[in-house]
Amino acid sequence: MAIVLLGNAIATGAILYVLITIFSQIYGAHFNPVVTLVMFMLGRKSASQSITYIILQISGDVLRTWIAHAIFELSILQLS
């Protein structure tokens, strides 16, 4: 079991590295609203940019979740 978790962690890290490398030139590779918030606090992003990024990041997360549910034929709303 531990080797499976290690393999999963390595694969996830490798894909994240590739995504950050590809998208860093486009918009800074902010995939997480916390990263955007920290960049705003450090003065590297303006308030309007940060708000726009965070809204788009959360919207993208919701959309990706809905798509994953559709792929696996799961209900969008799960109460349990």
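Residues numbered from 1 in each chain as written. Predicted model: local features only at pLDDT ≥ 70, side-chain atom pairs only at ≥ 80, totals over all residues. Heavy atoms only, no water.

A.B. asks: Any chance you could explain the side chain of Gln57 here in plain terms?
C.D. replies: Checked against the element boundaries, Gln57 lands in helix α3 (residues 47-71). Here Gln57 is in contact with His30, Phe31, Asn32, Pro33, Thr36 and Arg64, once residues within four sequence places are set aside. (Helix = DSSP H or I, 4+ residues; strand = E, 2+ residues; numbered from the N terminus. Contact = heavy atoms within 4.5 Å.)

A.B. asks: Is there a simple way to explain a nonpolar patch on the surface in this structure?
C.D. replies: Among the surface-exposed residues, Ile58, Val62, Leu63, Trp66, Ile67, Ile71, Phe72, Leu74 and Ile76 lie close enough to one another that they form a single nonpolar patch of about 910 Å² accessible area. Residue placement: Ile71 occurs in helix α3. (Patch = residues over 30% accessible without salt bridge, like charges linked within 9 Å, V, L, I, M, F, W, Y side chains within 5 Å. Areas by Shrake-Rupley, 256 points an atom, 1.4 Å probe, with all protein chains shown as cover. Salt bridge = Lys/Arg side-chain N within 4 Å of Asp/Glu carboxyl O.)

A.B. asks: Just checking my understanding: could you explain the packing of aromatic side chains for this structure?
C.D. replies: The geometry of two aromatic rings is summed up by the distance between their centres and the angle between their planes. Per the stated rule, a full pass over the model turns up one aromatic pair. Taking 6.2 Å as the distance between ring centres and 80° as the angle between the ring planes, the aromatic pair formed by Phe23 and Phe31 counts as edge-to-face. (Phe/Tyr/Trp six-rings, centres within 6.5 Å; stacked < 30°, edge-to-face > 60°.)

A.B. asks: Help me understand helix α2 (residues 33-41), please; the structure alone is not making it clear to me.
C.D. replies: Every α-helix carries 3.6 residues per turn, so stepping three or four residues along brings you back to the same face. For α2, the N-terminal capping position is held by Asn32, with its side-chain oxygen 2.9 Å away from the main-chain nitrogen of Val34. Just downstream of α2, Gly43 is the residue with a positive phi angle, here 85°. (Polar contact = N/O pair within 3.5 Å; in protein donor to acceptor, adjacent residues only side chain to side chain.)

A.B. asks: Please clarify how the confidence of the model for the chain should be interpreted in this entry.
C.D. replies: Note: predicted coordinates in regions of low pLDDT should not be interpreted at a detailed level. On average, residues of the chain score 90 in pLDDT, and 100% of them are at 70 or above. Averaged pLDDT values over the elements of the chain bottom out at 90 in helix α1 (residues 2-27) and peak at 94 in α2. (pLDDT = per-residue confidence, 0-100.)

A.B. asks: Sorry, what's going on with the side chain of Ser50 here?
C.D. replies: Its location among the elements puts Ser50 in helix α3. Classification of Ser50 by relative accessible area gives buried; the value is 5%. In contact with Ser50, not counting residues within four places along its chain, are Thr36, Phe40 and Lys45. (Buried < 20%, exposed > 50% of the residue type's maximum accessible area, 1.4 Å probe, protein only.)

A.B. asks: Please clarify how unusual backbone geometry should be interpreted in this entry.
C.D. replies: Excluding glycine, residues mostly have negative phi values, and the peptide bonds linking residues are mostly trans. You will see that Glu73, though not glycine, has its phi angle at about 55°, which is positive. In this structure, Glu73 sits in the segment after α3. Judged by relative accessible area, which is 73%, Glu73 ranks as exposed.

A.B. asks: What am I meant to see in the environment of Ile51 here?
C.D. replies: With respect to the helices and strands, the residue Ile51 is situated in helix α3. On a C-alpha basis, the gap between Ile51 and Phe40 in space is 9.5 Å, while along the polypeptide they are eleven residues apart.

A.B. asks: What am I meant to see in the pattern of salt bridges here?
C.D. replies: Should the charged atoms of two oppositely charged side chains come close, the side chains can pair. All told, the structure shown has one salt bridge when counted by the stated rule. A salt bridge links Arg64 to Asp61, with the shortest nitrogen-to-oxygen separation between them at 2.2 Å. In this pair, Arg64 and Asp61 both sit in helix α3, three residues apart, roughly one turn of the helix. Given a relative accessible area of 31%, Asp61 falls into the partly exposed group.

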